[in-house]
Amino acid sequence: QVQLVESGGGLVQVGGSLRLSCAASGRTFSRYAMGWFRQAPGKEREFVAGISGRNNFTHYADSVKGRFTISRDNAKNTVHLQMNSLKPEDTAIYYCAADSIPLMGTINERRVGYWGQGTQVTVSS
């Protein structure tokens, strides 16, 4: 059974940092694009950051560029999201996602095969 389990969410003040982790089990995801999405109250889920399944190419939503960094540790089958300079508008539930097709360059929400259960990030002003 494939599972993605997020951790690292919590409450942080404006300008603070958090590091989210996503531990995968049941399948090796080293060749799959992985990513993070988020959903704020009353809003649709949106893409945050992704990392390629081919060459570890990374891409980010404009709203988080320069503040967030996605990385992966294939030996541990984990993906991380380092979030710095957090803003109140970053408050959301953050979801880890894995592509359903191997060796894709960028993760696409329509192709996501597995989702984590989500972890709450709250940035207080």
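Parameters at a glance
Residues numbered from 1 in each chain as written. Predicted model: local features only at pLDDT ≥ 70, side-chain atom pairs only at ≥ 80, totals over all residues. Heavy atoms only, no water. Pairing = 2+ DSSP bridges. Helix = DSSP H or I, 4+ residues; strand = E, 2+ residues; numbered from the N terminus. Axes fitted to C-alpha atoms, helices over the stretch in contact; angles between N-to-C directions. Disulfide = S-S within 2.5 Å. Buried < 20%, exposed > 50% of the residue type's maximum accessible area, 1.4 Å probe, protein only.

Q: For this particular structure, what's the right way to read the sheet that holds strand β1 (residues 3-7)?
A: What holds strands together in a sheet is hydrogen bonding between their backbones, with the strands either parallel or antiparallel. Strands sit in the order β1-β3-β8-β7 across an open sheet of four strands; the sheet is antiparallel. Two strands lie at the open edges of the sheet, namely β1 and β7 (68-73), each paired on one side alone. Across the sheet, the axes of successive neighbouring strands diverge by a mean angle of 15°, strand direction being ignored.

Q: Sorry if this is basic, but what is going on with the state of the cysteines here?
A: Every disulfide links exactly two cysteines, by a covalent bond between their sulfur atoms. Enumeration over the complete set of coordinates arrives at one disulfide. Each sulfur of the disulfide joining Cys22 and Cys96 lies 2.1 Å from the other. When the S-S torsion is -80°, as for the bridge of Cys22 with Cys96, the disulfide is left-handed. Here Cys22, found in strand β3 (residues 18-25), pairs with Cys96, found in strand β9 (residues 92-102); they are 74 residues apart in sequence, far enough to count as distant. No difference in accessibility class separates Cys22 from Cys96, as the two residues are buried.

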